Amino acid sequence: MQQQNPSSNRTKWFTKARFGMFIHWGLYAGAARNEWIMHIEHIPTEEYERRYFKHFNPDLYDPEVWAKAAADAGMQYFVITTKHHEGFCLWDTKQTDYKAPNTLAKRDLLRPMVDAFRSHGLHVGFYYSLLDWHHPMNFVDNRIGPYRAIGDEKIAEMNKGREQAVYAKYMREQVTELLTQYGPVDILWFDFSYPDREHPENFALGKGRLAWESEKLLETVRSLAPYVILDDRLDLPGTGDVVTPEQYTPPRVVKDRDGKPVVWEACQTFSGSWGYHRDEYSWRPAGEIIRTLIDCVSKDGNLLLNVGPTARGEFDARAMDRLRDIGKWMRYHSDSIYGCGAAPEAFIPPSGCAYTYNAETKRLYLHILSWPYKCIYAKNLAGKIEYMRFLHDHSEICTGLCDFQKAQTTPDEVAIVLPSVPPAVEVPVIEIFLK
Ligand code: GLC
């Protein structure tokens, strides 16, 4: 099956799409201080249920608004946490009662979301947490989760009677539901493995391919959805379609050991937390996100930008404002993002600029990150330019050199002439049609 449908087939649409929305939504939105709150504050399962499961009531939830916000921001796919580490499920799973229909929401919250995003033309991605701090058969953990650091004896006591294999089967059953009941799922995003101290008879210190039975899980996935794009966190090196750098942008085009470029997607937050965090004030401005998106595409990668909706079911104003501003830029500049990747190496970006390149249309996109006075000197472009224009208004851009410039530049260099006042867009882009 792998051979019939190689990874490069699966990711064809994905490497063109370049920009997606991550959504972290679960009971932790009610705590409103990080999705790891159970771990951070050592909150036992019963206490967590009492506070957040019992009171969860997303009365303003309207996935149509979310989908529109994502589409207007220029995002082409979304990935939703169907279940995060807390173990709570957004859909009407048959495998547990710890699910949205049993909260005051009284319904499957996933289905209308999938419908709304699909109707706006976005591809559908499901995040599924391998970690589960609620399931009674998953080994309680000494390192991660609500009972971390309570002492080896207590942990051993709690783990008596737990059967990791039962939890592994539960995951396969849930993933089967997700892959068969919501139409074609385009991305499956497992999170995560920490196998360094995994032991086959005691999973209290580490969990990876043995605890999750990753091979069987992968078989389940591939037999049901040969086309689904898989991330790389199952602890099965070589089986993922996408490498997933988290909370940073790689320094250059990402390559494997043999020096071949790999498909990658950086996942990043606006402010640090993935789940809704009321009191976090480290929000990145929209312009910074736009520059990050350009940076990713210029290195052949995607950006999966996260939103953490509130417990009432809304994107808050901080997220909405930024999405709107990103959308303003994307409306004029998506040609330099969609279908683009790293430019051929000969095109060395001029200082303060970044290139992206569309190999199909042979257009080079010069992103001007810092506006210089009157001209940009670009290497290796002499004799190669057919036509140039700004993207935002399709106004022509010309080259030109005065005598002094001629004497100072190398023959392969061109001077791209700019207006002295930058256009009123966050990052101006020049579209260069190559001969
Ligand atoms: C980490 C965190 C998690 C988040 C994920 C997104 O693995 O555990 O909270 O969902 O990164 O990549």
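Residues numbered from 1 in each chain as written. Predicted model: local features only at pLDDT ≥ 70, side-chain atom pairs only at ≥ 80, totals over all residues. Heavy atoms only, no water.

**A short note on the overall build of the protein chain**
Within the protein chain one finds 14 helices and 13 strands. In summary, the protein chain has a C-alpha radius of gyration of 24 Å against a globular reference of 22 Å for 435 residues, a match within 12%. Counting only C-alpha atoms and orienting by the principal axes, one finds that the protein chain spans roughly 85 × 45 × 40 Å. For the protein chain, with 435 residues in total, the buried portion stands at 56%. Sequence separation of 24 or more characterises 72% of the internal contacts of the protein chain that already satisfy a separation of 6 or more. Accessible area for the protein chain stands at about 18800 Å²; split by element, carbon and sulfur atoms hold 52% of it. When the 51 basic and 58 acidic side-chain charges of the protein chain are each reduced to a single mean position, those positions are 2 Å apart. (Helix = DSSP H or I, 4+ residues; strand = E, 2+ residues; numbered from the N terminus. Rg over C-alpha atoms; globule rule 2.2 N^0.38 Å. Buried < 20%, exposed > 50% of the residue type's maximum accessible area, 1.4 Å probe, protein only. Contact = heavy atoms within 4.5 Å. Areas by Shrake-Rupley, 256 points an atom, 1.4 Å probe, with all protein chains shown as cover. Lys, Arg positive; Asp, Glu negative; His and termini not counted. Charge placed at Lys NZ, Arg CZ, Asp CG, Glu CD.)

**Examining the side chain of Asp 132**
Here Asp 132 lies in the loop between strand S3 (123-129) and helix H8 (152-159). By relative accessible area, which is 4% here, Asp 132 ends up buried. A polar contact of 2.9 Å, which involves the side chain of Asp 132, links it to the backbone nitrogen of His 135. Beyond its immediate stretch of four places on either side in the chain, Asp 132 contacts Lys 83, His 85, Glu 86, Gly 87, Asn 138, Tyr 167 and Tyr 170. (Polar contact = N/O pair within 3.5 Å; in protein donor to acceptor, adjacent residues only side chain to side chain.)

**Overview of helix H9 (residues 164-180)**
Given 3.6 residues to a turn, an α-helix orients residues that are three or four positions apart in the same direction. Between its first and last C-alpha, H9 extends 25 Å over 17 residues, near the 24 Å set by a 1.5 Å rise per residue. Regarding H9, the residues found buried are Gln 164, Tyr 167, Ala 168, Tyr 170, Met 171, Arg 172, Gln 174, Val 175, Glu 177, Leu 178 and Leu 179. On its buried side, H9 packs onto strand S2 (77-83), helix H7 (110-119), S3, strand S4 (187-191), helix H10 (209-212) and helix H11 (214-224). (Expected span 1.5 Å × (residues − 1).)

**So, the pattern of salt bridges**
Scanning the entire structure with this criterion turns up 30 salt bridges. Between Glu 47 and Arg 51 there is a salt bridge, with the nearest N and O atoms lying 2.9 Å from each other. Of this pair, Glu 47 and Arg 51 both sit in helix H5 (residues 45-55), four residues apart, which is roughly one turn of the helix. Among the residues examined, Arg 51 registers a relative accessible area of 28% and is labelled partly exposed. Residue Arg 222 is joined to Asp 241 by a salt bridge in which the shortest nitrogen-to-oxygen separation is 2.9 Å. Highlighted residues: Arg 222 in helix H11 and Asp 241 in the loop between strand S5 (229-230) and strand S6 (264-268), separated in sequence by 19 residues. (Salt bridge = Lys/Arg side-chain N within 4 Å of Asp/Glu carboxyl O.)

**Considerations on the nonpolar core**
Trp 25, Phe 126 and Phe 190 are the most contacted members of the largest nonpolar core, which has 101 residues in total. Ranked by size, the runner-up nonpolar core spans 21 residues in total, among them Phe 347, Ile 368, Phe 390 and Ile 432. (Core = buried A, V, L, I, M, F, W, Y, C linked by side-chain atoms within 4.5 Å.)

**Regarding the sheet that holds strand S7 (residues 301-307)**
If you walk across this open sheet you meet the seven strands as S5-S4-S3-S2-S1-S7-S6, and the pairing is parallel. Since the sheet does not close on itself, it has two edges, and those belong to S5 and S6, each with one partner. Both strand S1 (residues 19-23) and S2 contribute to a ladder of four bridges, which runs parallel. Bridged to Gly 20 within S2 is Tyr 77. (Pairing = 2+ DSSP bridges.)

**Some points on the environment of Tyr 48**
Within the fold, Tyr 48 resides in helix H5. A relative accessible area of 0% places Tyr 48 in the buried class. Remark: the alpha-carbon pair of Tyr 48 and His 134, spanning 86 residues in sequence, is separated by 9.6 Å. Excluding residues that lie within four positions of it along the chain, Tyr 48 makes contacts with Leu 27, Tyr 28, Ile 37, Met 38, Ile 43, Phe 53, Glu 86 and Tyr 98. Reaching out from Tyr 48, the side chain makes a polar contact with the side chain of Glu 86 at a distance of 2.4 Å.

**Section: the sheet that holds strand S8 (residues 353-358)**
Spatial ordering of the open sheet is given by S8-S9-S13-S11, a layout of four strands whose pairing is antiparallel. Single-partner strands in this sheet number two, and they are S8 and strand S11 (385-390). Each adjacent strand pair in this sheet contributes to an overall mean axis angle of 20°, direction not counted. Across five bridges, strand S9 (residues 363-368) lies against strand S13 (residues 429-434) in antiparallel orientation. Looking at the pairing, Leu 366 lines up with Ile 430 of S13. (Axes fitted to C-alpha atoms, helices over the stretch in contact; angles between N-to-C directions.)

**Some words on the pairing of S2**
Taking burial as the measure, the seven residues of S2 include seven buried ones, the bulk of the element. When S2 meets S3, the two strands line up parallel, connected through six bridges. When the bridges of S3 are listed, Val 79 appears paired with Gly 125. As for the winding sense of the linkage, the β-α-β connection from S2 through H7 to S3 is right-handed. (Right-handed = clockwise from strand over helix to strand, strands pointing away.)

**Topic: the site of the ligand**
In the vicinity of the ligand there are 14 residues, among which His 24, Glu 35, His 84, His 85 and Glu 246 approach most closely. Between Glu 35 and the ligand, the recorded distance is 2.7 Å, taken from a side-chain N or O atom to an oxygen atom. Taking His 84, its side chain carries an N or O atom lying 2.8 Å from an oxygen atom of the ligand. For the ligand, whose free accessible area comes to 310 Å², the fraction covered by protein is 95%. When grouped by side-chain class, the residues that make up the shell around the ligand number seven nonpolar, three polar and four charged. (Near = heavy atom within 4 Å. Nonpolar A, V, L, I, M, F, W, Y, C, P; charged D, E, K, R; others polar.)

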